Amino acid sequence: MASILNVDKIRATGSTTDGLTIDSSGRVLTPGRPAFRAEKRTPNQTMSGAAKITFEHEVFDIGGVYDTSNSRFTAPVAGIYFFQATLRFVADNQTMDYAKHMLYKNGSNASDLFQMNIRADYMQNSHLNGSVLIQLSASDYIEIYAEMSGNNPSVHANASGIRTFFTGCLVG
């Protein structure tokens, strides 16, 4: 005989916050699941070798997991996390021939998100995107680094945040 459990919310004892909700169509929501989107809106960031990219504008930050003062995500709990970063690389007069961005975990490169090598002195700008699933322990931190070639290389900002951004969330 099958059992049926009829609930629309799950909440920890003594809590006033729902950990899980189920709507009338059976969709499961986890409103407290850590997630964020941070954007580079101003200024452009001049590059010289590998450098941490700053994302100073927070679009949303469920769980308070992203810190704009140091452009760092900190895992609140152990689990599998998904991260994605899109960067707009720019160099003067079509001088860019190399660009790379990386996900750093606790200060060390944990994953190359994207690397591009092309014919010398060919590109002026390019949007590069990369993503990764990674296992983290509570208190591990994540940052985005980049490096590139060219005359006056920079990672560009945009007032609407559509060109350079960093997102992440707890998968489970």
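Overview of the structure. Everything quoted here is computed from the prediction, not taken from an experiment. (Residues numbered from 1 in each chain as written. Predicted model: local features only at pLDDT ≥ 70, side-chain atom pairs only at ≥ 80, totals over all residues. Heavy atoms only, no water.)

**Points about the overall build of the chain**
For clarity, the threshold we go by: We count a stretch as a helix when DSSP gives it H or I for four or more residues in a row; a strand needs E for two or more, and each element gets its number in order from the N terminus. Only C-alpha atoms enter the radius of gyration, while the globule expectation follows 2.2 Å times N to the 0.38, with N the number of residues. For the exposure calls, accessible area comes from a 1.4 Å probe over protein chains only, and a residue counts as buried if that area is under 20% of its type's maximum, exposed if over 50%, partly exposed in between. Whether two residues touch is decided by their heavy atoms; if any such pair falls within 4.5 Å, the residues are in contact. Under the convention used here, a 1.4 Å probe and the Shrake-Rupley method define accessible areas, while residue burial counts only the protein chains that appear.
Check the secondary structure of the chain and you find 0 helices and 16 strands. A compact globule built from 172 residues would reach a C-alpha radius of gyration of about 16 Å, whereas the chain, at 20 Å, exceeds it by more than 25%. Each of the three principal axes of the chain carries a C-alpha extent, and together these read 70 × 35 × 30 Å. Expressed as a percentage of the 172 residues in the chain, the buried residues total 41%. Considering only contacts in the chain between residues 6 or more positions apart, those separated by 24 or more positions represent 70%. For the chain, the exposed surface amounts to about 9200 Å²; the carbon and sulfur share of it is 49%.

**A few points about the environment of T164**
Rules: Whenever a nitrogen or oxygen atom comes within 3.5 Å of another N or O atom, the pair is scored as a polar contact, on the condition that within protein one atom can donate a hydrogen and the other can accept it, and that pairs from neighbouring residues in sequence are kept only if both atoms are in side chains.
In this fold, T164 is placed in the loop between β15 (151-155) and β16 (165-170). Looking at T164, the relative accessible area reads 0%, which means it is buried. Between the C-alpha atom of T164 and that of N129, which follows or precedes it by 35 residues, the distance is 9.3 Å. Here the side chain of T164 touches R88 through a polar contact of 3.1 Å, landing on its backbone nitrogen.

**Here we look at the pairing of strand β10 (residues 79-92)**
What counts here: DSSP bridges decide pairing: two strands pair if at least two such bridges lie between them.
The element β10 is largely enclosed, with a buried count of 11 among its 14 residues. Direction of pairing for β10 relative to strand β13 (residues 125-136): antiparallel, over a ladder of 12 bridges. Looking at the pairing, A85 lines up with G130 of β13. As paired strands, β10 and β16 are joined by 6 bridges and run antiparallel to one another. Note that in β16 the partner of F82 across the bridge is C169.

**Notes on the packing of aromatic side chains**
For the record, the criterion: Here a pair means two rings of Phe, Tyr or Trp (six-membered ring of Trp) with centres within 6.5 Å. Their orientation is stacked below 30 degrees between planes, edge-to-face above 60, and tilted elsewhere. Only Lys NZ and Arg CZ are tested; either one counts as a charge over a ring when it is within 6 Å of the ring centre and within 35 degrees of the ring normal.
Throughout the structure, instances matching the rule amount to 10 aromatic pairs. What links up through ring pairs into an aromatic cluster is the set F36, F55, Y66, F73, Y81, F83 and F166. Residue placement shows R37 over the ring face of F165; its charged tip is 4.0 Å from the ring centre. Lying over the aromatic face of Y141, R72 brings its terminal NZ or CZ to 3.6 Å of the ring centre.

**A look at the sheet that holds strand β3 (residues 28-29)**
Sheet strands pair via backbone hydrogen bonds, and the direction of the pair is either parallel or antiparallel. Spatial strand order, β1-β2-β3: 3 strands in an open sheet with antiparallel pairing. A single partner strand is all that each edge strand has here, and the edge strands are β1 (9-11) and β3. The pairing of strand β2 (residues 18-22) with β3 spans 2 bridges and is classified as antiparallel. Within β3, the position partnered with T21 by the bridge is L29.

**Things to note about a nonpolar patch on the surface**
Rule in force here: Note that patches include only residues with greater than 30% relative accessible area and no salt bridge, and the join distances are 9 Å for like charges and 5 Å for nonpolar side chains (Val, Leu, Ile, Met, Phe, Trp, Tyr). Salt bridges are identified by distance alone: a Lys or Arg side-chain nitrogen within 4 Å of an Asp or Glu carboxyl oxygen.
A cluster of nonpolar side chains, namely I80, F82, L133 and V171, defines an oily patch on the protein surface of about 330 Å² accessible area. Within the fold, F82 resides in strand β10. Under the relative-accessibility criterion, F82 is labelled partly exposed at 31%.

**Focus: unusual backbone geometry**
A cis amide bond, omega -10°, links T42 with the succeeding residue P43. If you check the backbone angles, S71 has positive phi at about 55° while not being a glycine. When you line up the elements, S71 lands in the loop between β8 (66-67) and β9 (72-74). A positive phi angle, near 50°, is found at N106, a position not held by glycine. Among the structural elements, N106 can be located in the loop between β11 (98-105) and β12 (108-117). Classification of N106 by relative accessible area gives partly exposed; the value is 33%.

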